[in-house]
Structures are given as C-alpha cells and as structure tokens.
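Each chain, written out:
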Amino acid sequence: MCIVCQKRELQNSLIRVQKRENKAVLYSGEGRSFYLCKACLSGKHISNIISGRMKIDKRSVEVLLKELSSNVED
Ligand SMILES: [Zn+2]
C-alpha cells in the first residue's frame, strides 16, 4: 500500500523505500520500509507527507524523490 495515497497496488508497481538513520533511502533488504506508488512520486507536498508520517528528514525525502522520478520513465 502506498504511504501517501493509501492505494493498494501490486507490489512490483510500488517503490520500496526505507528509513535509515532518519533518512529516506531505497530499500536495501533490512530495516523499516514503506511503499510509494509511481503516481505519487510527482505529486505536490509528497515530501511533507512522507517526512511527517515516517518521521524522516524532509530534505532526504526530496532528494530521493527527485532521483526516483528521473528514473521512472513511464
Ligand atoms: Zn500513492
């Protein structure tokens, strides 16, 4: 389930992110993780929502989202 829009999607259409030392990073196999759908990557105020819900540094969320949205083609 996407943490932002709360929609259930197939797991392979979601991006798995994890919280590591108060920062958002791509999931690497361990630690607390959550999902984002592709539609939400380009949404407004997403970094606010994610950083608020997950208690993650907002800057790190912004950086990760930027990276992800430049990788997602479709
Ligand atoms: Zn979503």
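Note: the structure precedes this text.
Now for a description of the structure that goes with this document. (Residues numbered from 1 in each chain as written. Predicted model: local features only at pLDDT ≥ 70, side-chain atom pairs only at ≥ 80, totals over all residues.)

**A look at the overall build of the chain**
Here is step 1 of the chain: Scanning the chain for helices and strands turns up three helices and three strands.
Here is step 2 of the chain: Along the chain, helices and strands appear, N-terminal first, in the series β-β-β-α-α-α.
Here is step 3 of the chain: Here the C-alpha radius of gyration of the chain, 11 Å, is about what a compact globule of 74 residues would show, namely 11 Å.
Here is step 4 of the chain: In the chain, buried positions account for 19% of the 74 residues. (Helix = DSSP H or I, 4+ residues; strand = E, 2+ residues; numbered from the N terminus. Rg over C-alpha atoms; globule rule 2.2 N^0.38 Å. Buried ≥ 20, exposed ≤ 12 C-beta atoms within 10 Å, placed from the backbone.)

**Observations concerning the packing of helix α2 (residues 46-54) against helix α3 (residues 58-71)**
Here is step 1 of the chain: Interaxial distance between α2 and α3 falls to 9 Å at its minimum, and their mutual angle equals 130°. As judged from the angle between their axes, α2 and α3 are oblique. In the crossing of α2 with α3, the sense of the turn from one axis to the other is right-handed. Here Ile46, Ser47, Asn48, Ile50 and Ser51 of α2 lie close against α3, whose contacting residues are Lys58, Val61, Glu62 and Leu65.
Here is step 2 of the chain: Looking at the contact of α2 with α3 residue by residue, the class counts come to four nonpolar, three polar and two charged. (Axes fitted to C-alpha atoms, helices over the stretch in contact; angles between N-to-C directions. Parallel < 35°, antiparallel > 145°, perpendicular 65-115°, else oblique. Left-handed = near helix turned anticlockwise from the far one by under 90°. Contact = placed C-beta atoms within 7 Å. Nonpolar A, V, L, I, M, F, W, Y, C, P; charged D, E, K, R; others polar.)

**Some words on the sheet that holds strand β3 (residues 33-37)**
Here is step 1 of the chain: Within the open sheet, the three strands sit side by side as β2-β1-β3. Their pairing is antiparallel. Two strands in the sheet have a free side with no partner beyond their single neighbour: β2 (23-26) and β3. Within this sheet the neighbouring strands show an average axis-to-axis angle of 40°, counted without direction.
Here is step 2 of the chain: Examined bridge by bridge, strand β1 (residues 14-20) and β3 share five bridges and lie antiparallel to one another. In the sheet register, Leu14 faces β3, and the bridge partner there is Cys37.
Here is step 3 of the chain: The strands touched by α3 within the sheet are β1 and β2, with β2 carrying the most contacts at an inclination of about 20°. (Pairing = 2+ DSSP bridges.)

**Notes on unusual backbone geometry**
Here is step 1 of the chain: You will see that Glu21, though not glycine, has its phi angle at about 50°, which is positive.
Here is step 2 of the chain: Position of Glu21 among the secondary structure elements: in the loop between β1 and β2.
Here is step 3 of the chain: Phi is positive for His45, which is not a glycine, with a value near 60°.
Here is step 4 of the chain: Note on placement: His45 falls in the loop between α1 (38-41) and α2.

**Examining the environment of Ser70**
Here is step 1 of the chain: Within the secondary structure layout, Ser70 lies in helix α3.
Here is step 2 of the chain: Residue classification places Ser70 among the exposed residues on the basis of 9 C-beta atoms within 10 Å.

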